[in-house]
Amino acid sequence: QLQLVESGGGLVQPGGSLRLSCAASGFTLDYYTIGWFRQAPGKEREGVSCISSSGGITNSADSVKGRFTISSDNAKGTVYLQMNSLMPEDTAVYCCAAARAGWGTPLDPLVYDYWGQGTQVTVSS
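Residues F27, I34, W36, L81 and Y94 are the most contacted members of the largest nonpolar core, which totals 29 residues. For this core, the secondary structure elements donating two or more residues are β3 (18-25), β4 (32-39), β5 (46-51), β7 (68-73), β8 (78-83), β9 (92-100) and β11 (119-123). Contacts of I34, omitting those with residues within four sequence positions, involve C22, F27, L29, S49, C50, I51, I70, V79, C96, A97, A98 and Y112. Formed by six residues, the second largest nonpolar core is a distinct cluster that contains F37, A97, A99 and Y112.

Next up, the structure:
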């Protein structure tokens, strides 16, 4: 019954912006850390950003710091990833995932138990 559904992906030009959403159902975000991950063809899965169950602590990969911002609205059961100044190297399938609270804010996918289906982000001229 625990489900995560991503939305908001699409095609944008370099320098553009997208906001991804991760909608949770079957559980409350109050007890989970939520992370965003991405994987491009031929590349390993990469942790992008994560947020604590309270929303007060975040962690992001160096490759996206200053450009991407993670936020949450626990009442709505939704976590967002605001993606600005997008570059072609950001092109990937983006997935959100949930881990039980207590792990902190890791970017290691092995910590996460539940995964969404992914949404494609393509940055191209």
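We are not done yet, so read on.
With that settled, consider the sheet that holds β8. Taken in spatial order, the four strands make up an open sheet running β1-β3-β8-β7, and their pairing is antiparallel. Here the strands that pair on one side only, and so sit at the sheet edges, are β1 (3-7) and β7. Each adjacent strand pair in this sheet contributes to an overall mean axis angle of 15°, direction not counted. In the sheet, β7 pairs with β8 via six bridges, with the strands oriented antiparallel. Bridging from a neighbouring strand, T69 pairs with Q82 of β8.

Once that is clear, we can look at the environment of G9. Within the fold, G9 resides in the loop between β1 and β2 (10-12). We classify G9 as partly exposed; its relative accessible area is 32%. Taking C-alpha positions, G9 is 9.0 Å from G118, a pair spaced 109 residues apart along the chain. Discounting chain neighbours no more than four positions away, the residues touching G9 are L18, L20, T119, Q120 and V121.

For β8, a buried count of five out of six residues is recorded, marking the element as mostly surrounded by other parts of the structure. Bridge analysis of β3 against β8 gives six bridges, and the strand direction is antiparallel. Its bridge partner lying in β8, C22 is registered against V79.

Within this structure, the stated rule accounts for four salt bridges. Of the charged contacts, one joins D90 and R67 as a salt bridge, the two residues approaching to 2.7 Å between their closest N and O atoms. Taken together, the residues D90 in the loop between β8 and β9 and R67 in the loop between β6 (58-60) and β7 connect sequence positions 23 residues apart. Pair check on accessibility: D90 and R67 agree, each one buried. Bridged by salt links that share partners, the residues R38, E46, R67 and D90 form one connected network.

What counts and how
Residues numbered from 1 in each chain as written. Predicted model: local features only at pLDDT ≥ 70, side-chain atom pairs only at ≥ 80, totals over all residues. Heavy atoms only, no water. Core = buried A, V, L, I, M, F, W, Y, C linked by side-chain atoms within 4.5 Å. Buried < 20%, exposed > 50% of the residue type's maximum accessible area, 1.4 Å probe, protein only. Helix = DSSP H or I, 4+ residues; strand = E, 2+ residues; numbered from the N terminus. Contact = heavy atoms within 4.5 Å. Pairing = 2+ DSSP bridges. Axes fitted to C-alpha atoms, helices over the stretch in contact; angles between N-to-C directions. Salt bridge = Lys/Arg side-chain N within 4 Å of Asp/Glu carboxyl O.

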